[in-house]
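Each chain, written out:
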Amino acid sequence: MVKHVVLLTGADGQLGKTIQDLWPESGLAQRYELHPVGRPQLDITSAGEVAETFAKIKPAVVINCSAYTAVDKAESDSENAFLVNQKGPEILSNCCAKSSAKLIHVSTDFVFSGAFDKPITLAQATNPAGVYGASKRAGELAILTQLPDAAVIFRTSWLYSSFNANFVKTMLRLMAERDSLGVVADQRGSPTSTASLAAAIFKAIDKPEVNGLYHWSDAADISWHDFSVAIQDSAISAGLLKRSIPINPIKTSDYPTPAVRPSYSVLDCSDAEVDFALPQFDWRAQLDRVIQKLKDLNE
Ligand SMILES: NC(=O)c1ccc[n+]([C@@H]2O[C@H](COP(=O)([O-])OP(=O)(O)OC[C@H]3O[C@@H](n4cnc5c(N)ncnc54)[C@H](OP(=O)(O)O)[C@@H]3O)[C@@H](O)[C@H]2O)c1
């Protein structure tokens, strides 16, 4: 049987690595061949390189995991943030449109500024507070304009995994090094394991008839402080941390950053749950899985 090619861009990022890791158990490998490319093999901002890759491997599906994700740096590096987060998706969309390929893309809760107190639906107007969010929103629009019937965009939040640098791994390092920690308690959202997002992306490949914008996170409405306490509890239970340290709640104003973070960014994922027949994952169970994986890697 001839397999359809799935081009995975940004393959060296934490989501890209997770998709490669989970691909064998995705149920797709019999019908689709995954073709991962990192930034050194394919720069999505180069129209020439993207066209050449499309001509060579003829993808039926493109999963775009490439992005400019340095939220604070983006505030003083707007040109590059827009180049990768708007121009890149525009180039990919253009090539997908020409070759009838489907694009699966990832966006962010940062397209909202956080002035909400209940889960944010797809109907809510976007209002990014910073350059990163604005560049990601521009990328969404570029895709939806060119591929209204051949793209899925998942807005997600607070991504973490056993790969690369992320909040969970930073917390584990600080918890091992320090005697106490202060963590922001007045921003609420939903941590999302990259494995949960990969599961939704695999569903999107398997259901080519479903297109459009979706919200997808793990099921949670917690603060960064709550998340840190759970990380420590889980790591102690798994034997990854040996002792418990005090984790003190602090205010956003106590920890100033160049980019403004949304104070509330829980996403309403009900449309995705129905259209992809995929219930949201429990955030605590997903955290325990990643902690156990880190423990196994440590041994
Ligand atoms: N991390 C989060 O908390 C979070 C939250 C919400 C949404 N998201 C979205 O989720 C997606 C995946 O995020 P992630 O955490 O996996 O990001 P990540 O780990 O930062 O990975 C992004 C990858 O894109 C690559 N890249 C950057 N510019 C590129 C270019 N011009 N051409 C090709 N590749 C390029 C990066 O390479 P270099 O390292 O060499 O630059 C990196 O390998 C992104 O769309 C992000 O916006 C992330």
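The shown structure was predicted, so the numbers you read here are calculated from the model rather than taken from an experiment.

A. Summary view of the site of the ligand. As a structural note, the neighbourhood of the ligand is formed by 23 residues, with Arg 39, Asp 43, Thr 69, Tyr 132 and Lys 136 the closest of them. Within the backbone of Ile 44, an N or O atom sits 3.0 Å from a nitrogen atom of the ligand. Thr 69 is positioned with one of its side-chain polar atoms (N or O) 2.7 Å from an oxygen atom of the ligand. Considering the ligand on its own, with 910 Å² of exposed area, one finds that the protein chains cover 80% of that surface. Every element with two or more residues in the shell around the ligand is listed here: helix 1 (14–22), strand 4 (102–108) and helix 5 (131–146). Broken down by element, the shell around the ligand gets its largest block of residues, 3 residues, from strand 4. Its residues assigned to classes, the shell around the ligand shows 10 nonpolar, 9 polar and 4 charged.

B. Examining the environment of Ala 176 more closely. Note on placement: Ala 176 falls in helix 6 (residues 167–177). Distance in space between the C-alpha atoms of Ala 176 and Asp 288 is 18 Å, their sequence separation being 112 residues. Among residues more than four places away in sequence, those in contact with Ala 176 are Leu 241 and Arg 243.

C. Examining the layout of surface pockets more closely. The computed volume of the second largest pocket comes to approximately 260 Å³. Forming the walls of the second largest pocket are 16 residues, and the residues nearest its centre are Leu 22, Ser 193, Ala 195, Arg 289 and Val 290. Where the lining of the second largest pocket is concerned, the elements lending two or more residues are helix 1, helix 7 (194–206) and helix 10 (283–298). Classifying every residue of the lining of the second largest pocket gives 7 nonpolar, 6 polar and 3 charged.

D. Looking closely at the nonpolar core. Membership of the largest hydrophobic core comes to 36 residues, with the highest contact counts inside it found for Ile 19, Phe 154, Ile 201, Ile 205 and Phe 276. Listing elements by their share of this core, those giving two or more residues are strand 1 (4–9), helix 1, strand 2 (32–37), strand 3 (61–64), strand 4, strand 5 (151–156) and helix 7. Sorting elements by how many residues they give to this core places helix 7 first, with 8 residues. Not counting residues within four places of it along the chain, the set of residues in contact with Ile 19 comprises Leu 8, Leu 34, Ile 63, Cys 65, Ala 198, Ile 201 and Phe 202. Counting 28 residues, the second-largest nonpolar core is a separate cluster that includes Val 37, Leu 42, Tyr 68 and Cys 95.

What counts as what
- Residue positions within a chain follow its written sequence, with the count starting from 1.
- In keeping with the predicted nature of the model, local features appear solely for residues at pLDDT of at least 70, side-chain atom pairs appear and are counted solely at 80 or more, and the whole-chain, interface and lining totals rest on all residues.
- Hydrogen atoms and water are omitted, and side-chain values are computed over all heavy atoms in the structure.
- Any residue with at least one heavy atom within 4 Å of a molecule or strand is counted as near it.
- Here a polar contact is recorded for every N or O atom pair within 3.5 Å, except that within protein the pair must consist of a potential hydrogen donor and a potential acceptor, and residues adjacent in sequence are included only if both atoms are side-chain atoms.
- Method for areas: the Shrake-Rupley scheme with a 1.4 Å probe, in which residue coverage is limited to the protein chains shown.
- Strands here mean DSSP runs of E at least two residues long; helices mean DSSP runs of H or I at least four residues long; both are numbered from the N terminus.
- Ten residue types, Ala, Val, Leu, Ile, Met, Phe, Trp, Tyr, Cys and Pro, are classed as nonpolar, four, Asp, Glu, Lys and Arg, as charged, and the remainder, Gly among them, as polar.
- In what follows, residue pairs with any heavy atoms lying within 4.5 Å of each other are defined as contacts.
- Space inside and on the surface of the protein is sampled on a 1 Å grid over the protein atoms alone, with a cavity defined as a set of points where a 1.4 Å probe fits but cannot get out and a pocket as an open set with protein on both sides within 12 Å along at least 5 of 7 lines; lining residues have an atom within 4 Å of a point.
- Grid points are joined across faces, edges and corners, and a volume is the space filled by probe spheres set on the points.
- Side-chain atoms within 4.5 Å are what join buried Ala, Val, Leu, Ile, Met, Phe, Trp, Tyr and Cys residues into a set we call a nonpolar core.
- Only protein chains enter the accessibility calculation, which uses a 1.4 Å probe; a residue is then buried when its area is under 20% of its type maximum, exposed when over 50%, and partly exposed in between.

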